Amino acid sequence: LILLDSLLQEKNHSPTKLINPRTAMIVLSRSRLSQLSTLRPLILRLRTCSTSAPSPVTKEFLISHLTMTRSHLTPELLLHLLTPSCPLYSAPACSSPLSDPWWSIYWPGGQVLARTILDNPQLVRRKKVLDLGSGCGAVAIAAMASGATMVVANDIDPDAATAVLANAELNHISGDIVTETRDVLNGNFDIIEDIDVLLIGDMFYDEHIGGSVLNLCKKFKALDRSKDILMGDPGRWFLETSSEVDSLFWCMAKHTLTEECRRENYGFHHGMVWRFR
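Rules used throughout
- Residues numbered from 1 in each chain as written.
- Predicted model: local features only at pLDDT ≥ 70, side-chain atom pairs only at ≥ 80, totals over all residues.
- Heavy atoms only, no water.
- Helix = DSSP H or I, 4+ residues; strand = E, 2+ residues; numbered from the N terminus.
- Expected span 1.5 Å × (residues − 1).
- Buried < 20%, exposed > 50% of the residue type's maximum accessible area, 1.4 Å probe, protein only.
- Polar contact = N/O pair within 3.5 Å; in protein donor to acceptor, adjacent residues only side chain to side chain.
- Phe/Tyr/Trp six-rings, centres within 6.5 Å; stacked < 30°, edge-to-face > 60°.
- Pairing = 2+ DSSP bridges.
- Axes fitted to C-alpha atoms, helices over the stretch in contact; angles between N-to-C directions.
- Contact = heavy atoms within 4.5 Å.
- Salt bridge = Lys/Arg side-chain N within 4 Å of Asp/Glu carboxyl O.

A. A look at helix α7 (residues 207-223). Its 17 residues place the ends of α7 25 Å apart at the C-alpha level, agreeing with the 24 Å of an ideal helix rising 1.5 Å per residue. Taken together, the buried positions of α7 are occupied by Ile-209, Gly-210, Ser-212, Val-213, Leu-214, Leu-216, Cys-217, Phe-220 and Lys-221. Sitting at the head of α7, Asp-206 places a side-chain oxygen 3.2 Å from the backbone nitrogen of His-208.

Shown next, in the form of structure tokens:
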């Protein structure tokens, strides 16, 4: 489904069993599941062949290759997503035109965060919002639909910006959604200065990124204590083991994931939304 080999290389762990050489898919050993299954999906692609750099994703590509679906926690939103019904979902890496398409998945943390916003529009109404790691744009769209005056959809992948705007158009959202590809986690803090609400959906998938997100949260809150931070997470390893998260956030909502989401995200059954104290 998605590449996690870079994470394995970083942690110096090797996968244990090649289960399908034709499609170059790998499943992690049970001993690693306790640490890594809460980071990203279990299926990996091996870099076993040389491919040219992928072309930028276009709106036409989304329409042709992804599924328009409401099968998620926010059925009010129709989204272009990579689902098991898409041929690209199980395509070998060598034949896929996509490179690390994180943006094409509606991650469980994003689903519970968007659900909470749609159920509680006062959280973002008449406020300037930044959606960190916006991916497919569902959280940004939920904020705009709930009355935010402006939403910045921030993702370092330019293809995510295309997905955000295409999904916004699909939902007849014509408000001020601004796409931003600069890396807020490594500088560029000027992006957050005028923001009232910081939304974070499913960004705690490893220790390095998780630590950077927490640092950003503390800097954002230090600008003005009235600023708000909401994050959605299904219980990934970093969040579950970080004592700092408990001291900075409190759980304001819990949602049961859909059967499809549970099936695609092995080991997760619920998602929580946390609010900065």
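Once you've had a look at it, read on.
B. Quick peek at the packing of aromatic side chains. Applying the stated rule across the entire model yields three aromatic pairs. Between the aromatic rings of Phe-204 and Phe-238, the centroid separation amounts to 5.7 Å while the plane-to-plane angle is 5°, which identifies the pairing as stacked. Note that Phe-204 is positioned in the loop between β9 (197-201) and α7 and Phe-238 in helix α8 (residues 237-241), a separation of 34 residues in sequence. No difference in accessibility class separates Phe-204 from Phe-238, as the two residues are buried. When the ring of Phe-249 is compared with that of Phe-276, the centres are 5.1 Å apart and the planes differ by 75°; the resulting orientation is edge-to-face. Note that Phe-249 is positioned in strand β11 (residues 249-256) and Phe-276 in strand β12 (residues 270-276), a separation of 27 residues in sequence.

C. Representation of the sheet that holds strand β8 (residues 177-180). One open sheet accounts for seven strands, arranged β8-β7-β6-β9-β10-β12-β11; its pairing is mixed. Strand pairing shows two members of the sheet lacking a second neighbour, β8 and β11, which therefore form its edges. Neighbour to neighbour, the strand axes of the sheet diverge by 20° on average, direction disregarded. By the bridge criterion, four bridges tie strand β10 (residues 228-233) to β12 in an arrangement that is antiparallel. Directly across from Met-231, in β12, lies its bridge partner Trp-274. Against the sheet, helix α5 (residues 138-145) contacts β6 (128-132), β7 (150-154), β8 and β9, and its axis sits at roughly 180° relative to β7. In the packing of helix α6 (residues 158-170) onto the sheet, contacts are made with β7 and β8, and the angle to β8 comes to roughly 165°.

D. How the structure looks around the pattern of salt bridges. In this structure the tally under the stated criterion is nine salt bridges. For Glu-169, the salt bridge identified is with Lys-59, shortest N-O distance 2.8 Å. With Glu-169 in helix α6 and Lys-59 in helix α3 (residues 59-65), this residue pair connects regions lying 110 residues apart in the sequence. Using a relative accessible area of 47% as the deciding quantity, one classes Glu-169 as partly exposed. Residue classification places Lys-59 among the partly exposed positions, given a relative accessible area of 32%. A salt bridge links Arg-115 to Glu-76, with the nearest nitrogen and oxygen atoms 2.6 Å apart. With Arg-115 in helix α4 (residues 108-119) and Glu-76 in the loop between β4 (67-69) and β5 (79-81), the pair connects residues that are 39 residues apart, well separated along the chain.

Function-wise, these values are silent; they only describe arrangement.
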